[in-house]
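In case you want the letters, here they are:
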There are 2 protein chains.
Amino acid sequence: MAKYRIGIIGYGKIAHDQHAPAIASSPNFELVAISNGGDAVAPAGAKAFAGYADMLKQVADLDAVAICTPPGPRRTIASDCLAAGKNVLLEKPPAGTVTEVTDIALAAKAAGKVAFATYHAQHNAAVKRAADKLAGKQVQSLQVTWKEDIRRWHPGQDWILAAGGFGIFDPGINALSILTRIMPEPVFIETANLYFPANRQAPIAADLTLGTGFHEGEQLKANFDWRQTGPQTWEIDIETVDGLKLKLSDGGARLETDGEPPFVGPPDEYPDIYREFGALLDQSQSKVEAAPFQLVADAFMLGARTQVDAFEF
Amino acid sequence: MAKYRIGIIGYGKIAHDQHAPAIASSPNFELVAISNGGDAVAPAGAKAFAGYADMLKQVADLDAVAICTPPGPRRTIASDCLAAGKNVLLEKPPAGTVTEVTDIALAAKAAGKVAFATYHAQHNAAVKRAADKLAGKQVQSLQVTWKEDIRRWHPGQDWILAAGGFGIFDPGINALSILTRIMPEPVFIETANLYFPANRQAPIAADLTLGTGFHEGEQLKANFDWRQTGPQTWEIDIETVDGLKLKLSDGGARLETDGEPPFVGPPDEYPDIYREFGALLDQSQSKVEAAPFQLVADAFMLGARTQVDAFEF
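Here the residue index of a chain counts from 1 through its sequence in written order. Going through the entries in the order they are written, you letter the chains from A and number the ligands from 1. Since the coordinates come from a predicted model, pLDDT governs what is reported: local features require at least 70, and pairs of side-chain atoms require 80 or more to be given and counted, while whole-chain, interface and lining totals use all residues. Hydrogen atoms and water are omitted, and side-chain values are computed over all heavy atoms in the structure.

Peer 1: Before we move on, can you summarise the sheet that holds strand β10 (residues 219-225) of chain A with the specific residues and values?
Peer 2: Residue and element names in this part refer to chain A. Strand pairing is assigned whenever DSSP detects at least two bridges linking the two strands. We count a stretch as a helix when DSSP gives it H or I for four or more residues in a row; a strand needs E for two or more, and each element gets its number in order from the N terminus. The nine strands lie next to each other as β14-β13-β12-β11-β7-β10-β9-β8-β15, forming an open sheet whose pairing is mixed. If you trace the sheet from one side to the other, it starts and ends with β14 (263-264) and β15 (304-308), each paired once. Sheet topology places strand β8 (residues 188-197) next to strand β9 (residues 205-211); seven bridges connect them, and they run antiparallel. Opposite T191, over in β9, you have T209 as the bridge partner.

Right, here's the structure in full:
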């Protein structure tokens, strides 16, 4: 496998906490540059730029970029990087709107470069194992419970509850990305109830009913809530028509199956992302999946709105 | 061209007013059946069924169906019809959610049958002429004004202002479908302001800012409103970077271009839909476009919500 020179665009929390260490531990990548409006300290060996345009111009032999900015500008940045001959990796969701995801895929094809839209929760070993166990089966019941404390995970991040910030779907898309990975049949949003704080433009909680359309009696539900203090819950319970019971917990890290000891994968979502990106680059193969993001947009489109108490951090 | 035996599923207002006459005037189709929960009177020569399952079983040599029900059940119906070996035509929007549109395309491919997702406004001769004039150009400014009286066009239809009824995007998707047909570059939703009546779950008006991402100074806007009494306005004004000015009015039926006499196409949106469906069937070619519907979902996802006066019909 080749070794690729990569830059990170948008060197915020997720880039610092996950992307940089995953790249540092990868035999396939070398972090040579970051850009972050000029105020971030680059890891050792990487050069810091105020803007990505300078990075594209000044870094010799840059093979790829990881785009970790907020979602809004990602399509424009991806388009510029692809036009400059760079391969692109995108944090989730890949862009500000679903329409733009298609455009990124087309731009990569036109440039003859690789685009990889990532959804980190899909990279848990337990999630892949659950997908294998469910292959070819029919799901009778599904209960997604994704409840966490917004103050703990997003302290003071007002933008995430503004219009276009996705609200509770910022973590919720992780659960949806697990569903699109493990469910043996496509799932659709049937109904959505969205709970908007009186003083915010994005929902702080959502209850979804899902369907595959294949089973009359199927019960597929998802409950997302950002107002849970105390223990945090990221669980998916599934029962198939033929009686197999599965439970994914800890955000997809742990799998329990009836009659088997629990399986706990290594904490390597991001290392696995970079393993896959390396393989995609070696094969000149793009992977731009929109399905988890599409379910988010569908939920907003169908959603009934309920106003709840104003929220302050 | 072959002559195809077709049935209409969901024989409501649009089927009666547009599909049946268009089929009657087509040399390529023969209307042999309708289904509408049992209470509709079939046109002469067509047999009425309570449900589409009976139609599929009992009508010999049925080639195709036109699905004109409300959007919610369209994917399930399309799936059943494709599995029964029928080609399917879909009113707009093609399904209740965008995810389902992809599924319909896959189901058609798996069945070896044709699926055609229609957007009637695209079938105006003036719209096609506008697309030709704009090809290869860059748009500097766009103003979509789509303002009509909900009481005149949808009297008493409470479902259209319920969750999943799409609200103002029910007519708005016509404007968006013209944009995806005529704009020389893809357009994305940049911001959306959605106006919800205090007693309803779907917006009665929407203001959109659009972008192509290509031109710094571009001004692309759309204003949709269902509260316009008096004259009704369905207009699109465009100016290109090189100074060409276009105006589509009357919902896409009329085109004015600087320095040319106005062009008014024949009132044949639906006859043109059936001409194209006949050609697609002759070629065993599906056409399942999701782009206009995708823009609707994106607008809901990004939309800021403003509560406006309660609305009663």
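Peer 1: Can you tell me about the confidence of the model for chain A, naming the residues and giving the values?
Peer 2: Here chain A averages 95 in pLDDT, while 99% of its residues score no lower than 70. Here the predicted complex scores 0.96 on pTM and 0.96 on ipTM. You can read pLDDT as the predictor saying how much it trusts each residue, on a scale of 0 to 100.

Peer 1: Residue-level account of the packing of aromatic side chains, with values.
Peer 2: The way to describe two aromatic rings as a pair is by their centre distance and the angle between their planes. Residue and element names in this part refer to chain B. Note on aromatic contacts: the rings of Phe and Tyr and the six-membered ring of Trp form a pair at centre separations within 6.5 Å, being stacked when their planes are under 30 degrees apart, edge-to-face when over 60 apart, and tilted otherwise. Under the criterion given, the structure shown has 18 aromatic pairs over all chains. Between the aromatic rings of F29 and Y274, the centroid separation amounts to 5.4 Å while the plane-to-plane angle is 80 degrees, which identifies the pairing as edge-to-face. One end of the pair, F29, is in strand β2 (residues 29-35); the other, Y274, is in helix α8 (residues 269-282), with 245 residues separating them in the sequence. Classification of Y274 as buried rests on a relative accessible area of 0%. Three labels apply to residues, based on accessible area from a 1.4 Å probe with only protein chains included: buried if under 20% of the type maximum, exposed if over 50%, partly exposed otherwise in between.

Peer 1: Give me the interface of chain B and chain A: which residues, what numbers.
Peer 2: Working rule for contacts: check all heavy atoms of both residues, and any pair within 4.5 Å makes them a contact. The partner chain A presents 32 residues to the 32 residues of chain B that form the contact. Here, a salt bridge means any side-chain nitrogen of Lys or Arg that lies within 4 Å of a carboxyl oxygen of Asp or Glu. Run the count over chain B and chain A and you get zero salt bridges. Side-chain atoms alone can form a polar contact between residues adjacent in sequence; in general such a contact is a pair of N or O atoms within 3.5 Å, and within protein one must be able to donate a hydrogen while the other accepts it. Taken together, the links from chain B to chain A amount to eight residue pairs in polar contact (both at pLDDT 80 or more).

Peer 1: Mind laying out the sheet that holds strand β6 (residues 115-117) of chain A, listing which residues take part and the relevant values?
Peer 2: Residues and elements named next belong to chain A. Reading across the sheet, the six strands line up as β3-β2-β1-β4-β5-β6 and stay open at both edges, with parallel pairing between neighbours. Of all the strands in the sheet, just β3 (47-49) and β6 have a single pairing partner and so form its edges. Each neighbouring strand pair of the sheet contributes to a mean axis angle of 25 degrees, computed without reference to strand direction. Pairing between strand β1 (residues 4-9) and strand β2 (residues 29-35): six bridges, direction parallel. In this analysis an axis means a line fitted to C-alpha atoms, helices contributing only their contacting stretch, and an angle means the value between N-to-C directions, from 0 to 180 degrees.

Peer 1: An account of the relation of the copies chain B and chain A is requested, with residue identities and associated values reported.
Peer 2: When the copies are superposed, the least-squares fit draws on C-alpha atoms of residues that have pLDDT of at least 70 in both. Mapping chain B onto chain A calls for a screw motion: a turn of 180 degrees about the axis and a shift of 0.0 Å along it, with 0.0 Å RMSD after fitting. Both copies are brought into coincidence by an operation consistent with a two-fold rotation axis.

Peer 1: Could you give me a rundown of the pattern of salt bridges, with the residues and numbers involved?
Peer 2: Tallied over the full model, the rule gives 30 salt bridges over all chains. For D272 of chain A, the salt bridge is made with K128 of chain A, and the minimal N-O distance between the two is 2.7 Å. Of the two residues, D272 of chain A is situated in helix α8 (residues 269-282) and K128 of chain A in helix α5 (residues 125-134); the sequence distance between them amounts to 144 residues. Residue class for D272 of chain A comes out buried when judged on its relative accessible area of 9%. K128 of chain A gets classed as partly exposed once you look at its relative accessible area, which sits at 28%. In this structure, the salt-bridge partner of R275 of chain B is D268 of chain B, at a minimum N-O distance of 2.8 Å. Salt bridges here are not isolated pairs; linked through shared partners, they connect K128, D268, D272 and R275 of chain A.

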